[in-house]
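Observations on chain architecture
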Amino acid sequence: MPKNYIPELSEVRMINRAPQRPVDFGSDRDYVFSCLRDVERAFEIEGFPGIAPERIPVRSLIRQLIVWWRTLEPNNEVQRDAYGRLPGVIRLIDTISGWLEERNERSSRS
């Protein structure tokens, strides 16, 4: 059973920085979506039932990954492996979100 948690300010900032739309993760696409798929399989949960991964808004995706990181408790090796990848994919998505934010700010100033 997942535990409840109160998000940290840094997590709220990551969520708020993320676009409210799907984005092309480019060469990181397979990594991002394989992490999502591995957590869903390992813990037998569905984060986005009926939605193709590439159609998930980035804000929703990072929010779900953070919630899983803070609330899931791995009980076996498969779960530990999937769970252990969450911090990396969360940081990657946050980095991409920050880059997109900067790019949008620069283009709006031009």
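Model, not experiment: these values are computed from the prediction. (Residues numbered from 1 in each chain as written. Predicted model: local features only at pLDDT ≥ 70, side-chain atom pairs only at ≥ 80, totals over all residues. Heavy atoms only, no water.)

With that settled, consider the overall build of the chain. Along its length, the chain carries 4 helices and 0 strands. Put simply, the chain runs from its N terminus to its C terminus through helices and strands in the order α-α-α-α. Over its C-alpha atoms the chain spans a radius of gyration of 14 Å, differing by no more than 12% from the 13 Å that the globule rule assigns to 110 residues. The proportion of buried residues among the 110 residues of the chain is 39%. (Helix = DSSP H or I, 4+ residues; strand = E, 2+ residues; numbered from the N terminus. Rg over C-alpha atoms; globule rule 2.2 N^0.38 Å. Buried < 20%, exposed > 50% of the residue type's maximum accessible area, 1.4 Å probe, protein only.)

Further remarks concern the confidence of the model for the chain. Scored by pLDDT, the chain comes out at a mean of 93, with 96% of its residues at no less than 70. Per-element confidence in the chain ranges from a low mean pLDDT of 93 for helix H4 (residues 77-109) to a high of 98 for helix H2 (residues 29-43). (pLDDT = per-residue confidence, 0-100.)

Right, let's get into a positive patch on the surface. A cluster of basic residues, Arg21, Arg103, Arg106 and Arg109, forms a positive patch at the surface. Mapped onto the elements, Arg103 comes out in helix H4. (Patch = residues over 30% accessible without salt bridge, like charges linked within 9 Å, V, L, I, M, F, W, Y side chains within 5 Å. Areas by Shrake-Rupley, 256 points an atom, 1.4 Å probe, with all protein chains shown as cover. Salt bridge = Lys/Arg side-chain N within 4 Å of Asp/Glu carboxyl O. Lys, Arg positive; Asp, Glu negative; His and termini not counted. Charge placed at Lys NZ, Arg CZ, Asp CG, Glu CD.)

A word on the pattern of salt bridges. Within this structure, the stated rule accounts for 7 salt bridges. With a shortest N-O distance of 2.9 Å, Glu11 and Arg70 are connected by a salt bridge. Linking Glu11 in helix H1 (residues 9-17) with Arg70 in helix H3 (residues 58-71), this pair joins segments that are 59 residues apart in sequence. Judged by relative accessible area, Glu11 falls into the buried class, the value being 6%. Each of Glu8, Glu11 and Arg70 takes part in salt bridges that share partners, so that together they form one network.

Phe25, Leu61, Leu65 and Ile93 are the most contacted members of the largest nonpolar core, which has 30 residues in total. Listed by contribution, the elements that provide at least two residues to this core are H1, H2, H3 and H4. It is H4 that provides the largest number of residues to this core, a total of 9 residues. Excluding residues that lie within four positions of it along the chain, Phe25 makes contacts with Val32, Phe33, Val58, Leu61, Ile93 and Ile96. (Core = buried A, V, L, I, M, F, W, Y, C linked by side-chain atoms within 4.5 Å. Contact = heavy atoms within 4.5 Å.)

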